[in-house]
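# Architecture at a glance
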Protein chains: 2
Amino acid sequence: MNSTAMPQQELTTGRRGGRRTLRKARAGIREPNLPALKRNLPLVEPMSPEQIERIDNASMDILENVGIVFRDKIELSDWKKAGAEVKGERVHLDRGLVKELVASLPSDFTYTARNPENNLPLGGPHSIFVPMTGAPYLRDLEDKRRYPTLDDLAMFHKLAQMSPALHLSAHHIVEPMDHVVAHRHLRIIYSSMKYSDKTFMGMTTSPKNAEDVIDMCRILFGDEFIQSHPVVTGNCNCNSPLIWDETMLGAMRVFNKANQPVLCSPFVLGGANTPASTAAAVAQLNAEALSALAYTQVVNKGCPAIYGHYLSTVFMASGAPMAGTPEISLMNFMVGQMARYYGIPWRTSNTLGGAKTFDAQAGYESATTLMAVMMSGANYIWHSAGWNEAGMHCSVAKFMVDAEQCAMAYRMTQGIHWDDFDECIAAIGDVGPGGHFLGHPHTLANFQDAFFMPKLFDNNSIEQWTADGSQEITERALKHAKQLLAEYEEPKLDEATDEALLDYIARREREIPAIEALNNEH
Amino acid sequence: MNSTAMPQQELTTGRRGGRRTLRKARAGIREPNLPALKRNLPLVEPMSPEQIERIDNASMDILENVGIVFRDKIELSDWKKAGAEVKGERVHLDRGLVKELVASLPSDFTYTARNPENNLPLGGPHSIFVPMTGAPYLRDLEDKRRYPTLDDLAMFHKLAQMSPALHLSAHHIVEPMDHVVAHRHLRIIYSSMKYSDKTFMGMTTSPKNAEDVIDMCRILFGDEFIQSHPVVTGNCNCNSPLIWDETMLGAMRVFNKANQPVLCSPFVLGGANTPASTAAAVAQLNAEALSALAYTQVVNKGCPAIYGHYLSTVFMASGAPMAGTPEISLMNFMVGQMARYYGIPWRTSNTLGGAKTFDAQAGYESATTLMAVMMSGANYIWHSAGWNEAGMHCSVAKFMVDAEQCAMAYRMTQGIHWDDFDECIAAIGDVGPGGHFLGHPHTLANFQDAFFMPKLFDNNSIEQWTADGSQEITERALKHAKQLLAEYEEPKLDEATDEALLDYIARREREIPAIEALNNEH
């Protein structure tokens with residue numbers, strides 16, 4: 001494996017890491033964390049200003065004329081007070097009202113992590129990579145597909161903690177099936193807080209679960225602190241087309257009131273729950289996202305929120321979601337333009353795909369998605385590691401490779417380095433025709449940094465590869481995961497805080513009847 | 001497999017194919033060919049006009065002050081006559097002279113194929129996909145790695161012929177090891193001409209071999225015709241840094257004199273034969289490419305040529321070439337800007353990678369490269385199908401998947417379709433909140449075309465996939481290749497032409513001693 005051939009020495013993100021020399025890496029394979037990406041590469045923006053306005057107009061027409069359903073009494077009453085026209089569950093939103101509300105959303109903000117080194121600016125040029133979540137199965141350290149446990153979830157939180165380009169530990173990367181559903185959210189959030197000192201996500205599976213998340217954040221960060229500092233992210237999906245349900249809206253309000261950001265995420269199955277048109281699908285999702293984003297400002301003016309979406313197109317013969325298709329890339333480019341038009345940070349999904357194993361299909365789907373996402377300028381890049389089988393399983397092997405791919409995309413998106421250009425041009429004169437640069441002083445001083453060297457790709461000859469055991473990437477990545485886990489050191493939680501969290505969980509587990517399980521799930 | 005679930009009906013490239021309804025596909029899985037891509041998506045252009053000029057200046061400084069070695073007496077004499085300063089084998093090229101010569105290169109031209117439906121405009125917004133070439137091994141229809149034969153080469157020419165987005169049959173996709181080296185070029189070019197009616201490439205393994213290629217093109221197209229119509233492409237690699245050798249230059253001259261385009265291709269192993277800097281590597285390759293491009297105009301003013309390169313960065317621990325790295329993507333974006341600055345069509349490489357099998361590594365490497373290449377605006381997109389193991393083998397399975405990926409990239413790069421936007425927005429009103437679009441008249445009329453449905457990706461449930469035999473993508477792609485080959489129909493060559501070509505080959509095989517074999521190879 002290539003990584004073993006690399007000299008161990010001080011690792012830096014070096015010149016391309018903003019000239020910061022990071023702390024000396026521990027002995028071993030772990031590399032230092034990367035700060036939030038600050039993009040310095042032009043984006044792909046396929047729409048003219050007129051086309052952006054055409055989408056905007058169509059979305060506003062939908063909100064005014066078709067209206068949008070909010071299946072939640074509080075929300076309907078809130079919208080009436082805010083001046084919207086409410087007919088039954090359907091709310092017709094005037095474009096003036098929507099634009100006024102959306103204008104009060106912060107265009108950027110900073111997440112606070114329990115380790116301040118992991119604080120993250122978000123919005124504008126700043127982007128972050130977030131692991132996948134929600135998998136009911138995993139492919140484990142032996143590539144076996146099975147139900148996940150709390151220990152498996154902890155393992156993923158540890159791997160996220162140790163992956164340089166993964167900026168969050170997220171929440172339920174896999175569903176811990178060994179714990180009762182009604183109490184599961186408590187264990188999930190605790191695992192995020194305990195095994196990683198990066199920021200995380202919080203469950204929005206019900207308004208009460210969302211309250212537990214916020215209460216635990218209060219314990220970790222302090223009551224007053226979180227009221228003015230984003231520390232956790234929730235996700236609320238739209239039932240596209242044009243319906244927001246009570247569970248999501250209730251959970252959203254809990255986050256809004258605590259001044260914590262939610263992703264307002266239409267769930268696009270292009271051609272099934274949208275028209276069979278990229279442009280019209282974008283207009284619909286834009287209407288859906290804006291309706292929820294506007295509502296966050298009715299609940300708590302000025303609270304942060306993120307323009308979200310899950311994007312796929314469907315295989316028309318079976319209705320199955322696809323990934324890495326040309327239209328998904330185009331929609332990502334377009335949604336990016338819309339979010340920037342409104343000045344709101346936005347979320348997309350990364351590394352999606354439908355492969356059942358970590359085969360070449362998984363590689364094509366993930367890399368295509370990643371490249372489109374980088375060119376779209378997405379800020380909150382969710383599902384960035386591990387996703388496979390349309391989200392049905394999280395693969396440990398793929399998690400490792402995706403995490404490295406994110407680090408490569410990070411490097412690309414930092415753009416071209418010019419500082420040593422004249423020195424390098426002089427080197428061409430030094431070396432001259434027919435020479436080589438391997439021994440040139442500039443090369444010797446810069447070879448670690450100048451070109452990214454992926455550890456999980458094998459570029460050896462077939463003879464060397466065969467001698468090394470003919471390992472395909474799955475095997476190499478699992479070996480890498482095991483090495484990383486062997487090096488894992490828990491980022492210690494303050495003991496009193498840890499105890500308070502465990503007390504909270506114990507109390508809530510006594511209070512919440514296990515029987516409520518199924519009612520809390522969506 | 002998904003493809004079997006798709007209804008068989010008239011296939012069209014439809015709206016996105018420029019509203020052309022293509023001829024009815026034959027019964028079976030074959031789809032109609034796509035014309036040359038006309039790009040309609042903005043490019044990623046990371047350099048400012050000042051930075052482009054900085055590269056240009058550095059390249060001109062290199063050509064003037066360091067000079068470039070031409071290991072060829074005719075060329076040295078030509079350059080003297082053209083006014084360059086020649087010291088031994090080293091030529092110092094004044095920037096005025098270089099720019100004047102380069103200005104006479106056509107910015108676009110059209111390839112003629114023996115089937116005029118397959119003629120191809122190249123340059124500006126027009127791009128074409130070309131299969132990989134030069135593999136000394138293949139992974140065959142059973143995924144077995146072995147030496148290729150002439151029959152294997154014919155098989156790849158047939159697959160190229162039947163792949164909608166592959167615009168050329170290329171030349172030695174694999175090296176036919178069962179035929180004597182000295183005569184091989186004759187059999188290779190004949191295979192390209194015989195099994196496909198798309199355009200092709202011609203061997204440049206020696207000046208004499210290049211003459212055979214041109215002679216056979218004269219037989220196929222007519223003496224006079226080819227003097228004013230590009231019908232074949234040659235490739236000439238630079239021995240970077242800054243050396244062009246006699247074999248390449250001699251072959252290049254043969255093509256130039258016959259008015260046939262060559263790719264002037266510096267061979268970049270970033271960090272080994274260039275400085276450890278993306279910007280400086282681009283300046284060096286730009287100098288190298290321009291020196292050869294300028295020479296084509298010394299040989300035959302106004303003849304077409306293509307700004308080429310092979311781009312990789314090296315794994316510094318072993319010197320092995322890497323693929324899909326961030327710096328390769330950045331260099332592609334930059335080279336695109338330079339070629340457009342000079343107004344010359346340009347070539348890049350696609351689907352490169354170092355994986356030994358068709359595993360997820362191969363998928364990530366290929367898709368990353370493809371996406372970067374599409375965003376770079378490359379015109380002649382070589383090595384677009386089959387490449388694996390750093391070019392050491394061509395994989396049949398990967399060839400099929402890459403070809404489909406090119407079709408997907410083609411679709412993406414055609415950009416957003418707006419024609420039915422208002423109709424689709426009206427559909428949102430028709431369907432309303434909570435409905436679905438699958439039965440809407442617009443969906444029924446457009447579901448085949450609106451969203452690309454890759455046949456080689458499996459998006460079924462794991463239960464369906466298991467019932468279908470748990471096939472990974474390699475198995476599915478090989479099955480697809482066998483189905484395509486079963487449907488192959490040879491595009492008949494005019495009998496007299498075919499006989500003349502075979503007579504020419506027979507004569508040349510009598511004339512060329514088999515013993516010369518090794519001298520002709522480079």
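Reading the values: rules and limits
Residues numbered from 1 in each chain as written. Chains lettered and ligands numbered in written order. Predicted model: local features only at pLDDT ≥ 70, side-chain atom pairs only at ≥ 80, totals over all residues. Heavy atoms only, no water. Pairing = 2+ DSSP bridges. Helix = DSSP H or I, 4+ residues; strand = E, 2+ residues; numbered from the N terminus. Expected span 1.5 Å × (residues − 1). Buried < 20%, exposed > 50% of the residue type's maximum accessible area, 1.4 Å probe, protein only. Least-squares fit on C-alpha atoms with pLDDT ≥ 70 in both. Contact = heavy atoms within 4.5 Å. Salt bridge = Lys/Arg side-chain N within 4 Å of Asp/Glu carboxyl O. Phe/Tyr/Trp six-rings, centres within 6.5 Å; stacked < 30°, edge-to-face > 60°. Lys NZ or Arg CZ within 6 Å of the ring centre and 35° of its normal. Buried area = accessible area lost by both parts, 1.4 Å probe. Core = buried A, V, L, I, M, F, W, Y, C linked by side-chain atoms within 4.5 Å. pLDDT = per-residue confidence, 0-100. Patch = residues over 30% accessible without salt bridge, like charges linked within 9 Å, V, L, I, M, F, W, Y side chains within 5 Å. Areas by Shrake-Rupley, 256 points an atom, 1.4 Å probe, with all protein chains shown as cover. Lys, Arg positive; Asp, Glu negative; His and termini not counted. Charge placed at Lys NZ, Arg CZ, Asp CG, Glu CD. Polar contact = N/O pair within 3.5 Å; in protein donor to acceptor, adjacent residues only side chain to side chain. Axes fitted to C-alpha atoms, helices over the stretch in contact; angles between N-to-C directions. Parallel < 35°, antiparallel > 145°, perpendicular 65-115°, else oblique. Left-handed = near helix turned anticlockwise from the far one by under 90°. Nonpolar A, V, L, I, M, F, W, Y, C, P; charged D, E, K, R; others polar.

### Some points on the sheet that holds strand 9 (residues 145-146) of chain A
Note: strands within a sheet are paired through backbone hydrogen bonds, in either parallel or antiparallel orientation. All names here are of chain A. Taken together, four strands build an open sheet; the order of strands is 9-8-22-21 and the sheet is mixed. Each edge of the sheet is formed by a strand with only one pairing partner; in this case those strands are strand 9 and strand 21 (387-388). Relative to strand 22 (residues 393-395), strand 8 (residues 137-139) runs parallel, the two sharing three bridges. Each residue of the ladder has a partner; that of Leu138, found in strand 22, is Cys394.

### Examining helix 13 (residues 396-413) of chain B
Residues and elements named next belong to chain B. The end-to-end C-alpha distance of helix 13 is 26 Å, a good match for the 26 Å that 18 residues give at a rise of 1.5 Å each. The element helix 13 is extensively covered by neighbouring structure, given that 18 of its 18 residues are classed as buried. Downstream of helix 13 by one or two residues, Gly415 has phi in the positive range, about 85°.

### With respect to the sheet that holds strand 9 (residues 145-146) of chain B
The four strands are arranged 9-8-21-20 (chain B) in an open sheet whose pairing can be described as mixed. A single partner strand is all that each edge strand has here, and the edge strands are strand 9 and strand 20 (387-388) of chain B.

### As for the relation of the copies chain A and chain B
You can overlay chain A on chain B at an RMSD of 0.0 Å; the transform is a turn of 180° with a shift of 0.0 Å along its axis. Such a turn and shift between the copies fits a two-fold axis. When the interface residues of chain A are mapped onto chain B, 100% of them again fall at the interface, so both copies present the same face.

### Here we look at the side chain of His383(A)
When you line up the elements, His383(A) lands in the loop between strand 20 (380-382) and strand 21. Among all residues touching His383(A), those that are not within four sequence positions of it are Val130(A), Pro131(A), Met132(A), Thr133(A), Arg347(A), Ser349(A), Asn350(A), Thr351(A) and Leu352(A).

### Re the pattern of salt bridges
One pass over the full model with this rule turns up 50 salt bridges over all chains. Note that Asp458(B) is salt-bridged to Lys356(A), the shortest N-O span being 2.8 Å. Placement of Asp458(B) in the loop between helix 15 (441-450) and helix 16 (462-467) and of Lys356(A) in the loop between strand 19 (347-349) and helix 12 (360-376) is noted, with the two residues assigned to different chains. The exposure classification of Asp458(B) matches that of Lys356(A), with both residues buried. If you follow the salt bridges from partner to partner, you end up with Asp212(A), Arg507(A), Arg508(A) and Glu511(A) in one network.

### Let's talk about the environment of Val254(B)
All names here are of chain B. If you trace the backbone, Val254 turns up in helix 9 (residues 246-257). Along the primary structure Val254 and Lys208 are separated by 46 residues, whereas in three dimensions their C-alpha atoms are 8.6 Å apart. When residues no more than four places from it in sequence are discounted, the contact partners of Val254 are Pro207, Ala210, Glu211 and Ile214.

### Thoughts on the environment of Val69(B)
For Val69(B), the location among the structural elements is in strand 2 (residues 68-71). By relative accessible area, which is 9% here, Val69(B) ends up buried. For the pair Val69(B) and Asp430(B), spaced 361 residues apart in sequence, the C-alpha separation works out to 70 Å. Those residues in contact with Val69(B), other than ones at most four positions away along the chain, are Pro433(A), Glu89(B), Arg90(B), Leu242(B), Ile243(B) and Trp244(B).

### Brief notes about the pairing of strand 15 (residues 267-270) of chain A
All names here are of chain A. Residues Val268 and Gly270 of strand 15 are buried on one face, while the alternating residues Phe267 and Leu269, pointing to the opposite face, are not. Two elements, strand 15 and strand 17 (residues 310-315), share four bridges in a ladder whose sense is parallel. Each bridged residue has a counterpart across the sheet, and for Gly270 the counterpart in strand 17 is Thr313.

### Notes on the packing of aromatic side chains
This structure, assessed with the given rule, holds 22 aromatic pairs over all chains. Ring centres of Phe221(A) and Phe225(A) lie 6.2 Å apart, and the angle between their planes is 15°; on these two criteria the pair is classed as stacked. Owing to a relative accessible area of 15%, Phe221(A) belongs among the buried residues under this scheme. Centroid distance Phe70(B) to Trp79(B): 6.0 Å. Interplanar angle 45°. Geometry classified as tilted. Trp79(B) matches Phe70(B) in its accessibility class, with the two residues each being buried. Here the aromatic residues Phe70(A), Trp79(A) and Tyr295(A) are joined through ring pairs into a cluster of three or more. A cation over an aromatic ring shows up here: Arg145(A) above the ring of Tyr137(A), its NZ or CZ 3.9 Å from the ring centre.

### Concerning the interface of chain A and chain B
If you look at the interface, chain A gives 117 residues, while chain B gives 117 residues. Summing both partners gives a buried area of about 9,600 Å² for chain A against chain B, and 73% of it is carried by carbon and sulfur. For the chain A face of the interface with chain B, the top three residues by lost area are Lys356(A), Tyr364(A) and Phe451(A), together amounting to 9%. Run the count over chain A and chain B and you get six salt bridges.

### Concerning unusual backbone geometry
The linkage connecting Ser240(A) with the following residue, Pro241(A), adopts the cis geometry, with an omega of 0°. Assignment of secondary structure puts Pro241(A) in the loop between strand 12 (232-237) and strand 13 (243-244). Positive phi is not limited to glycine here, since Asp143(A) has a value of about 65°. Among the secondary structure elements, Asp143(A) is positioned in the loop between strand 8 and strand 9. The class of Asp143(A) is partly exposed, set by a relative accessible area of 24%. Even without being a glycine, Glu389(B) presents a positive backbone phi close to 55°. Within the secondary structure, Glu389(B) sits in the loop between strand 20 and strand 21 (393-395). The exposure class of Glu389(B) is buried, given its relative accessible area of 4%.

### Let's talk about the nonpolar core
Judged by nonpolar contacts, the single largest core of 339 residues is most densely connected at Trp79(A), Tyr307(A), Tyr380(A), Trp79(B), Tyr307(B) and Tyr380(B). Residues contacting Tyr380(B), with those up to four places away along its chain left out, are Tyr111(B), Leu122(B), Ile128(B), Val130(B), Leu168(B), Met201(B), Thr233(B), Leu263(B), Ile306(B), Trp346(B), Arg347(B) and Thr348(B).

### Considerations on the confidence of the model for chain A
Low pLDDT marks stretches whose predicted atomic positions should not be read closely. Looking at chain A, the pLDDT average stands at 93 and 93% of residues meet or exceed 70. pLDDT under 50 marks residues 516-522 of chain A. Its contacts with residues more than four places away, or in other chains, come to eleven contacts.

### Some points on a negative patch on the surface
Where like charges cluster on the molecular surface, the negative patch consists of Glu472(A), Glu475(A), Glu472(B) and Glu475(B). Its location among the elements puts Glu475(A) in helix 17 (residues 473-487). Using a relative accessible area of 44% as the deciding quantity, one classes Glu475(A) as partly exposed.

### Re the side chain of Ser376(A)
Residue and element names in this part refer to chain A. Residue placement: Ser376 occurs in helix 12. In this structure the side chain of Ser376 is engaged in a polar contact, spanning 2.7 Å, whose partner is the backbone oxygen of Val373. Leaving out residues up to four positions away in the same chain, Ser376 has contacts with Leu43, Asn332, Phe333, Gly336, Arg340 and Trp346.

### Describing the packing of helix 2 (residues 49-66) of chain A against helix 14 (residues 421-431) of chain B
For the pair helix 2 of chain A and helix 14 of chain B, interaxial distance at closest approach is 10 Å and the crossing angle is 25°. With respect to their mutual orientation, helix 2 of chain A and helix 14 of chain B come out roughly parallel. As for the relative orientation of helix 2 of chain A and helix 14 of chain B, their crossing is right-handed in sense. In this structure, helix 2 of chain A uses Arg54(A), Ile55(A), Ala58(A), Ile62(A) and Val66(A) to contact helix 14 of chain B, whose residues at the interface are Phe421(B), Asp422(B), Ile425(B), Ile428(B) and Gly429(B). Classifying every residue of the contact of helix 2 of chain A with helix 14 of chain B by side-chain character gives seven nonpolar, one polar and two charged.

### Details of the environment of Asp61(B)
Residue and element names in this part refer to chain B. Along the chain, Asp61 turns up in helix 2 (residues 49-66). With a relative accessible area of 33%, Asp61 lands in the partly exposed category. In this structure the C-alpha to C-alpha distance between Asp61 and Ala287, which are 226 residues apart in sequence, comes to 8.8 Å. Aside from chain neighbours lying at most four places away, what touches Asp61 is Val66 and Arg95.

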